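# Observations on the model geometry
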Amino acid sequence: MVTLTKRKLKAGFKYVDCSYAKDFQVPESVEIGSNVALGWSCDSIGENCVIGPGVQLDTSLGSNVVIGENTDIQKAEIGNNVTVGSGSYIEASTEIKDGVTIGNNVLIGRNCHVRKGTVIPDNWMIPANCIVNPGVNGTPVVIVQPTFRCNVQGSIRTGNGY
């Protein structure tokens, strides 16, 4: 295990906000590219992970995770054996289960749940609050969950804009 400290970070990666920086253990099997920014929520990285150059990472990672270059992952939950392509963006409160493959230039909105074994092709955009299932013939099934909002009288409205 190698301990990431502010001193060692000068070798090519950095913390987004050094006032919140903390030390944590990283297995020696992990490869971290240049200009990687680790946020406060990144407090563990599993075995055999590869983090490409220019990645913004504000979450912990399971084992055997590969993240392509210039990808931004914000306070999500990343399982084991996950691949995230280059130029992708995963918003906060999203859960990526084990065995998921996410293509290049994919946007996954806030509070999504990507189920085990799902493959998301390149250039997909998944809106917030969705459940993404593996589907058939390699095409994932995206289930959009309606957002509920109560008005002043307490009745519930659903649909676009609510």
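Above this text you will find the structure in question.
Please read all numbers here as calculations on a predicted model, not as lab measurements. (Residues numbered from 1 in each chain as written. Predicted model: local features only at pLDDT ≥ 70, side-chain atom pairs only at ≥ 80, totals over all residues. Heavy atoms only, no water.)

### Describing the overall build of the protein chain
For the protein chain, the count of helices and strands is zero helices and 22 strands. Taking all 162 residues of the protein chain together, 39% fall into the buried category. Look at the contacts in the protein chain between residues 6 or more apart in sequence, and 3% of them connect residues 24 or more apart. Carbon together with sulfur atoms contributes 50% to the accessible area of the protein chain, which is approximately 8,700 Å² in total. (Helix = DSSP H or I, 4+ residues; strand = E, 2+ residues; numbered from the N terminus. Buried < 20%, exposed > 50% of the residue type's maximum accessible area, 1.4 Å probe, protein only. Contact = heavy atoms within 4.5 Å. Areas by Shrake-Rupley, 256 points an atom, 1.4 Å probe, with all protein chains shown as cover.)

### Digging into the sheet that holds strand β4 (residues 31-32)
Whenever strands of a sheet pair, they do so through backbone hydrogen bonds, lying parallel or antiparallel. Across the sheet, six strands lie side by side as β4-β6-β8-β11-β14-β17; this open sheet has parallel pairing. Edge strands, defined here as strands with exactly one partner in the open sheet, are β4 and β17 (119-120). Note: strand β11 (residues 83-84) against strand β14 (residues 101-102), two bridges, orientation parallel. The partner of Thr83 across the bridge, within β14, is Thr101. (Pairing = 2+ DSSP bridges.)

### Points about the pattern of salt bridges
Throughout the structure, instances matching the rule amount to two salt bridges. Ionic pairing is found between Asp58 and Lys75, a salt bridge with its closest N-O pair at 3.7 Å. Separated by 17 residues along the polypeptide, Asp58 in strand β7 (residues 56-58) and Lys75 in the loop between β9 (72-74) and β10 (77-78) bring together distant segments of the chain. A relative accessible area of 11% places Asp58 in the buried class. The exposure class of Lys75 is partly exposed, given its relative accessible area of 48%. Its salt-bridge partner being Glu95, residue Lys97 comes within 3.3 Å of it at the nearest N-O pair. What makes Lys97 partly exposed here is its relative accessible area of 37%. (Salt bridge = Lys/Arg side-chain N within 4 Å of Asp/Glu carboxyl O.)

### Re the sheet that holds strand β20 (residues 139-144)
Strand order in this open sheet of five strands is β10-β13-β16-β19-β20, and the pairing throughout is mixed. In the strand order of this sheet, the two ends are held by β10 and β20, each with one partner. Taken together, the two bridges between strand β16 (residues 113-114) and strand β19 (residues 130-136) define a ladder with parallel strand orientation. Opposite His113, over in β19, you have Ile131 as the bridge partner.

### Comments concerning the state of the cysteines
Taken as a whole and judged by the stated rule, the model has zero disulfides. Summary of cysteine pairing: Cys112 is not part of a disulfide, and the nearest cysteine sulfur, belonging to Cys130, is at 4.8 Å. Exposure remark for Cys112: the relative accessible area of 0% places this residue in the buried category. (Disulfide = S-S within 2.5 Å.)

### Quick notes on the nonpolar core
One broad rule of soluble globular proteins: the nonpolar side chains tend to lie buried together. Ranked by internal contacts, the top residues of the largest apolar core, which has 30 residues, are Leu57, Leu61, Ile102 and Ile108. Elements represented by at least two residues in this core include exactly β5 (36-38) and β19. When residues no more than four places from it in sequence are discounted, the contact partners of Ile102 are Thr83, Val84, Gly85, Ser88, Ile90, Ile96, Ile108 and Ile120. (Core = buried A, V, L, I, M, F, W, Y, C linked by side-chain atoms within 4.5 Å.)

### A closer look at the environment of Asn133
Structurally, the position occupied by Asn133 is in strand β19. Sequence separation between Asn133 and Thr118 is 15 residues; the distance between their C-alpha atoms is 6.0 Å.

Read these as layout, nothing more, since geometry by itself doesn't imply function.
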